[in-house]
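Given next are the chains, with one letter for each unit.
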Amino acid sequence: MRLYKLRHPSFALYPKQLRLMTNIIWLQGGACSGNTMSFLNAEEPTVCDLVTDFGIKILWHPSLGLELGDNLQSLLWDCILGKIPLDIFVFEGTVVNAPNGTGEWNRFAHRPMKNWVSDLAKVAKFVVAVGDCASWGGIPAMAPNPTESQGLQFLKRQKGGFLGADYRSQAGVPVINIPGCPAHPDWITQILVAIATGRLDDITLDEFHRPQTFFKTFTQTGCTRNIHFAYKATTAEFGQRKGCLFYDLGCRGPMTHSSCNRILWNRVSSKTRAGMPCLGCTEPEFPFHDLKPGTVFKTQTVMGVPKEIPPGMKKKEYALLTVVAKDAAPDWADEEFFTV
Ligand code: SF4
Ligand code: SF4
């Protein structure tokens, strides 16, 4: 596995003490605004904290930007021409190339959005892809991909994407991917703070350019249903306060890299705590099986054994383990319990 340690000598040439603000431009391509909604709900830190405590200046954002029309175009061109330093370019949604590679299906400020992406990525010190669509195409890039969508530096698991496999920002690092559908709000704001405060050295990216601090462990890490996973006690319906969602409802918690049960949503809960299976939304293959009928919220099995098992486990031993685990389960494994 290739790991990127985010050392960036050019940031040293751009000393923080001389730069009181960290300028951000956030644009949306083929998107549903879900990541914007998530970002606006961030709590640790909040979007207001970014501005008041961490010196981040949001030059433009689809829901927060003040400039319109000619003023917005001037702002974007000023960044591209180097009149305004662009520290972080955040992109949400896919890069739409249709029809026929022109990008005309997604025009913004009088140009195809993909042209803005290409120009801004060339001058930005850092580029951050927020959400699955910007990271690797997400739902819009499902076959037959009519919008010819790509992620910034990946198309699903394949490296390359719109900017190409060799792309590096002005600071010399690849696109930083914060996947999820949507990405957890605090993953977004905490990475922006790490960049703004010159703490990127603390962050290591995995082979899919995800910060390990959020994506090294699994959704299952910290799930309150782990003991029921071990006893093979199943949850039969959404929202039940008993059992584990792996055996019948298709939970991908053991196979999905995310910190959803370590950094809770709204600091309160997570999908699995609420009785909803993890859909694996932080992985490049999401949505799995291209949403074919019968594959969503349903564990795919062969002779009663889940087709996909936790990574690193051997199938035969796993099958044996689950038989023994079920027999060994105590009576209370089938009772309701506090999941939150
Ligand atoms: S509900 Fe999902 S994440 Fe939680 S223990 Fe079961 S399989 Fe793992
Ligand atoms: S629990 Fe799973 S599907 Fe839900 S946000 Fe986390 S990684 Fe995505």
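Counting from 1, residues in each chain are numbered in the order their sequence is written. Each chain gets a letter, beginning with A, and each ligand a number, beginning with 1, in the order they are written. Totals for whole chains, interfaces and linings use all residues, but because this is a predicted model, local features are given only for residues with pLDDT of at least 70 and pairs of side-chain atoms are given and counted only at 80 or more. Water and hydrogen atoms play no part in the side-chain values, which are based on all heavy atoms of the structure.

What follows deals with the overall build of the chain. Note on conventions: DSSP H or I runs of at least 4 residues are helices, E runs of at least 2 residues are strands, and numbering of each starts at the N terminus. Summing up its helical and strand segments, the chain has 10 helices and 15 strands in all. Only the C-alpha atoms count toward the radius of gyration. The rule for a globule is 2.2 Å times the residue count to the power 0.38. Computed over the C-alpha atoms, the radius of gyration of the chain is 22 Å, within 12% of the 20 Å expected from 2.2 N^0.38 for a compact globule of 340 residues. Within the chain, contacts between residues separated by at least 24 positions form 71% of all contacts whose residues are at least 6 apart in sequence. By element, 58% of the accessible surface of the chain is carried by carbon and sulfur atoms, the whole surface being about 15,600 Å². With 35 positive and 31 negative side-chain charges, the chain shows a spacing of 5 Å between the two charge centroids. The contact criterion used is simple: two residues touch if any of their non-hydrogen atoms lie within 4.5 Å. Computed with a 1.4 Å probe, the accessible areas rest on the Shrake-Rupley method; for each residue, only the protein chains presented here act as cover. The positive count covers Lys and Arg only, the negative count covers Asp and Glu only, and His and the chain ends enter neither. Charge positions are represented by NZ for Lys, CZ for Arg, CG for Asp and CD for Glu.

Multiply 1.5 Å by the residue count of a helix minus one, and that product is the helix's expected span. For helix H10 (residues 315-328), built from 14 residues, the straight-helix expectation of 20 Å at 1.5 Å per residue is met to within 8% by its first-to-last C-alpha distance of 20 Å. Within H10, the full set of buried residues consists of Tyr318, Thr322 and Ala325. End-on view of H10: buried residues confined to an arc of 65°, all on one side of the axis. Away from the buried face of H10 by more than 90 degrees, exposed residues Lys316, Leu320, Val323, Val324, Asp327 and Ala328 are located. In this structure, the buried residues of H10 make contact with helix H9 (226-230) and strand E15 (305-306). Throughout, exposure labels follow a simple rule: accessible area from a 1.4 Å probe, protein chains only, divided by the maximum for the residue type, with under 20% read as buried, over 50% as exposed, and the rest as partly exposed. What the arc covers is the set of directions going from the helix axis to the C-beta atoms.

Before going further, it helps to spend a moment on the site of ligand 2. What makes a residue near a molecule or strand is one non-hydrogen atom of that residue sitting within 4 Å of it. Around ligand 2, the structure places Thr219, Thr256, Ser258, Cys260, Trp265, Lys271, Cys278, Leu279, Gly280, Cys281 and Thr282. A per-class count over the shell around ligand 2 returns 5 nonpolar, 5 polar and 1 charged. Three categories are distinguished: nonpolar for Ala, Val, Leu, Ile, Met, Phe, Trp, Tyr, Cys and Pro, charged for Asp, Glu, Lys and Arg, and polar for the others, with Gly belonging to the last.

Between its first and last C-alpha, helix H7 (residues 185-196) extends 17 Å over 12 residues, near the 16 Å set by a 1.5 Å rise per residue. Within H7, 11 of the 12 residues are buried, which leaves the element mostly enclosed by the surrounding structure. Those residues of H7 not exposed but buried are Pro185, Asp186, Trp187, Ile188, Thr189, Ile191, Leu192, Val193, Ala194, Ile195 and Ala196. Positioned one or two residues after H7, Gly198 has a phi angle of 70°, which is positive.

A word on the site of ligand 1. All residues adjacent to ligand 1 are Gln220, Cys223, Arg225, Asn226, Phe229, Cys244, Leu245, Phe246, Cys251, Gly253, Pro254 and Thr272. Its residues assigned to classes, the shell around ligand 1 shows 7 nonpolar, 4 polar and 1 charged.

Whether two strands pair comes down to DSSP finding at least two bridges between them. The 5 strands lie next to each other as E3-E2-E4-E8-E12, forming an open sheet whose pairing is parallel. Edge strands, defined here as strands with exactly one partner in the open sheet, are strand E3 (56-60) and strand E12 (176-178). In this sheet, adjacent strand axes meet at a mean angle of 25° when their direction is disregarded. Two elements, strand E2 (residues 22-28) and strand E4 (residues 88-92), share 5 bridges in a ladder whose sense is parallel. In the sheet register, Trp26 faces E4, and the bridge partner there is Val90. Between the N-to-C directions of two axes lies an angle of 0 to 180 degrees, each axis being a line fitted to C-alpha atoms and, for a helix, fitted only over the stretch in contact. In this fold helix H4 (residues 69-80) packs onto E2 and E3, with an angle of close to 125° to the strand it touches most, E3.

Turning our attention to the side chain of Thr219. With respect to the helices and strands, Thr219 occurs in the loop between helix H8 (212-215) and H9. The definition of a polar contact used here is a pair of N or O atoms within 3.5 Å, where within protein one atom must be able to donate a hydrogen and the other to accept one, and adjacent residues in sequence count solely through side-chain atom pairs. Here the side chain of Thr219 touches Ser258 through a polar contact of 2.9 Å, side chain to side chain. For Thr219, the contacting residues outside a window of four places in its chain are Gly253, Thr256, Ser258, Cys260, Asn261 and Cys278.

Domain limits in this description derive from either an automatic procedure or a database domain assignment. Taken as a whole, the chain is organised into domain 1 (4-213) and domain 2 (217-329). With centres defined by C-alpha atoms, the gap from domain 1 to domain 2 works out at 31 Å. The interface of domain 1 with domain 2 comprises 24 residues on the first partner and 19 residues on the second. Summed over both partners, the accessible surface that disappears when two parts come together, traced with a 1.4 Å probe, is what is meant by buried area. Between domain 1 and domain 2, the buried area comes to about 1,800 Å², and carbon and sulfur atoms account for 53% of it. A per-residue breakdown of the area domain 1 buries against domain 2 is headed by Met142, His184 and Trp187, which together make up 28% of the total. Going through the elements one at a time, helix H6 (132-136) and H7 are the ones with two or more residues in the side of domain 1 that touches domain 2. Among the elements that take part in the side of domain 1 that touches domain 2, H7 stands out by supplying 4 residues, more than any other.

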